[in-house]
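# Structural overview
For reference, the chains in residue letters:
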Amino acid sequence: MFEETINFYKLNEISNLLRYRTVKTSHDASIPHLGSCLSCVEILVYLYWIELNLNPLNSNDQDRDRFILSKGHGAPILFQVLAERGFYDKNLLKTAGKNGSLFHEHPPKPGFIPGIEAATGSLGHGLPIALGIAMAGKIKKKSFRTFALLSDGECNEGTIWESAMFASSKSLSRVTAIIDFNKWQATGRTKEIMSLEPLLEKWKSFGWHAQEINGHNFSEIKDSLDEANSINDKPSVIIANTIKGKGVSFMEDDNNWHYRIPNKEELSMALAELSKNKK
Ligand SMILES: Cc1ncc(C[n+]2csc(CCOP(=O)(O)OP(=O)(O)O)c2C)c(N)n1
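Overview of the structure.

Procedures and definitions
- Think of each chain on its own: its residues are numbered from 1, step by step along the sequence as written.
- Local features in a predicted model are, by the rule used here, given only for residues with pLDDT of at least 70; side-chain atom pairs are given and counted only at 80 or more, and totals for whole chains, interfaces and linings are based on all residues.
- Each side-chain value is worked out from all heavy atoms of the structure, with water and hydrogens disregarded.
- Where helices are involved, their axes are fitted lines through C-alpha atoms of the stretch in contact, as for all axes, and angles between N-to-C directions lie from 0 to 180°.
- What counts as a helix is a DSSP run of H or I of at least four residues, what counts as a strand is a run of E of at least two, and both are numbered from the N terminus.
- Roughly parallel refers to an angle under 35 degrees, roughly antiparallel to one over 145, roughly perpendicular to one between 65 and 115, and oblique to any angle outside these ranges.
- Should the near helix be turned anticlockwise from the far one by less than a right angle, the crossing is termed left-handed; should it be turned clockwise, right-handed.
- Any two residues whose heavy atoms approach within 4.5 Å are treated as being in contact.
- Under the convention adopted here, Pro, Cys and the residues Ala, Val, Leu, Ile, Met, Phe, Trp and Tyr are nonpolar, Asp, Glu, Lys and Arg are charged, and Gly plus all remaining residues are polar.
- Throughout, the term near means that a residue has one or more heavy atoms lying within 4 Å of the molecule or strand in question.
- Two N or O atoms form a polar contact when they lie within 3.5 Å of each other; inside protein one atom must be a possible hydrogen donor and the other a possible acceptor, and for residues adjacent in sequence the pair counts only when both atoms belong to side chains.
- Method for areas: the Shrake-Rupley scheme with a 1.4 Å probe, in which residue coverage is limited to the protein chains shown.
- By this definition, two strands are paired if DSSP reports at least two bridges between them.
- Each residue gets one of three labels from its accessible area relative to the maximum for its type: buried under 20%, exposed over 50%, partly exposed in between, using a 1.4 Å probe on protein chains only.
- The term salt bridge refers to a side-chain nitrogen of Lys or Arg lying within 4 Å of a carboxyl oxygen of Asp or Glu.

### Digging into the packing of helix H5 (residues 126-139) against helix H6 (residues 158-169)
- One can describe the packing of H5 onto H6 by two numbers: an axis separation of 9 Å at closest approach and a directional angle of 20°. Here H5 lies roughly parallel to H6, going by the angle between them. Seen from above, H5 lies across H6 with left-handed handedness. Only Thr 159, Ile 160, Ser 163, Phe 166 and Ala 167 of H6 make contact with H5, whose side of the interface consists of Leu 127, Pro 128, Leu 131 and Met 135.
- Grouping the constituent residues of the contact of H5 with H6 by class yields 7 nonpolar, 2 polar and no charged.

### Observations regarding the site of the ligand
- In the vicinity of the ligand there are 17 residues, among which Ser 36, Gly 121, Ser 151, Asp 152 and Gly 153 approach most closely.
- Within the contact set of the ligand, an oxygen atom lies 2.6 Å away from a side-chain nitrogen or oxygen of Asp 152.
- At 2.8 Å, a backbone N or O of Gly 153 approaches an oxygen atom of the ligand.
- In isolation the ligand exposes 580 Å². Once the protein is present, 76% of that is buried.
- Its residues assigned to classes, the shell around the ligand shows 3 nonpolar, 9 polar and 5 charged.

### A few points about the environment of Ser 230
- Mapping Ser 230 onto the fold places it in helix H9 (residues 218-230).
- The spatial distance from the C-alpha of Ser 230 to the C-alpha of Arg 174 is 9.8 Å, given a sequence separation of 56 residues.
- Within the structure, the side chain of Ser 230 is placed 2.6 Å from the backbone oxygen of Glu 227, a separation counted as a polar contact.

### Remarks on unusual backbone geometry
- Looking along the chain, the bond that leaves Glu 197 and enters Pro 198 is cis, with omega of -5°.
- Topologically, Pro 198 is positioned in the loop between helix H7 (190-194) and helix H8 (199-205).
- Unlike most non-glycine residues, Ser 30 shows phi in positive territory, near 55°.
- One can find Ser 30 in the loop between helix H1 (4-29) and helix H2 (34-38).
- Phi is positive for Lys 183, which is not a glycine, with a value near 70°.

### What about the sheet that holds strand S5 (residues 236-241)?
- Here 5 strands make up an open sheet; going across it, the order is S1-S2-S3-S5-S4 and the pairing parallel. Both outer strands of the open sheet, strand S1 (66-69) and strand S4 (209-214), are each paired with one neighbouring strand and no more. When the angles between neighbouring strand axes are averaged without regard to direction, this sheet yields 20°.
- In this fold H9 packs onto strand S2 (146-151), strand S3 (175-181), S4 and S5, with an angle of close to 170° to the strand it touches most, S4.

### Here we look at the side chain of Ser 39
- By secondary structure assignment, the location of Ser 39 is in the loop between H2 and helix H3 (41-51).
- The buried category is assigned to Ser 39, whose relative accessible area is 0%.
- Separated by 2.6 Å, the side chains of Ser 39 and Asp 180 make a polar contact.
- Those residues in contact with Ser 39, other than ones at most four positions away along the chain, are Lys 71, Asp 180, Asn 182, His 216, Thr 242, Ile 243, Lys 244 and Gly 245.

### A closer look at the pattern of salt bridges
- Under the definition given, this model contains 12 salt bridges.
- Residue Glu 51 pairs with Arg 145 through a salt bridge whose shortest N-O separation is 2.7 Å. Of this pair, Glu 51 sits in helix H3 while Arg 145 sits in the loop between H5 and S2, and the two are 94 residues apart along the sequence. For the pair shown, Glu 51 and Arg 145 are each scored as buried.
- Between Asp 253 and Arg 189 there is a salt bridge, and its shortest N-O distance comes to 3.1 Å. Taken together, the residues span a long stretch of sequence, with Asp 253 in the loop between S5 and helix H10 (264-276) and Arg 189 in the loop between S3 and H7 at a distance of 64 residues.
- A residue is classified by how much of its surface remains accessible, and Arg 189, at 23% relative accessible area, is partly exposed.
- What emerges from the salt-bridge pattern is a single network uniting Arg 21, Glu 84 and Lys 90.

So, in structure tokens, the structure goes:
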């Protein structure tokens, strides 16, 4: 039985720890996209600690649930998640950003880092890959589920909407897309570059079961995934409202942290804040 209080408390602790390590690695390895990583921590932590049917020691199990990081530039936080879940030794992350390392800005192709299902980073391609995997699973009568994490800027890509049509037309009900809706893209506000609204209605009109939640609230993440699991005639999408840079006050909702690397002083301020939050 799911012990909500205990688990949410623990999940918050894990989220804080992973934020700490991601900020430190960004500084040490000069890897950008901190704001993008910090906005999706709770989503990834819930998926990897509670939701996904995965065995870190058997990461190629044919029946595993699949997770595709469609917003591939969020790889630095996914690398931390996989290490902490035991897919590989977290000391490997000390090589991040160095020549010969597997850990850079985006996920490499499958087969190099355990737990990585697809080489993503060119926005708009992760969801189509996820749907291909889900379609193959359906044809083979497998029961695994497929999840994809998208960004809001990514929803400006035509491939996302082509995929959206495909998934509903094939009734891929074992698919859940989650949109990290932090309202920013690389160079500006999503609503100013190419507005997505009304986003929930758009997904519904493409034949998806659509929900909107606070993407930093574990209780809402849990309820929305439980609801998505109960839908068996169409794919599901969860629009998760998030804050870019969440968890480090001077990075929150400041899009400079899309590309910026923290200098020494900024690093110590960020780590001090994240340490203070440790319960
Ligand atoms: C096809 C494609 N075009 C451009 C880029 C360069 N790029 C990297 S991240 C990004 C946008 C970031 O905004 P968003 O997708 O909303 O993600 P966030 O970082 O806000 O989570 C862009 C345009 C890319 N990775 N892929």
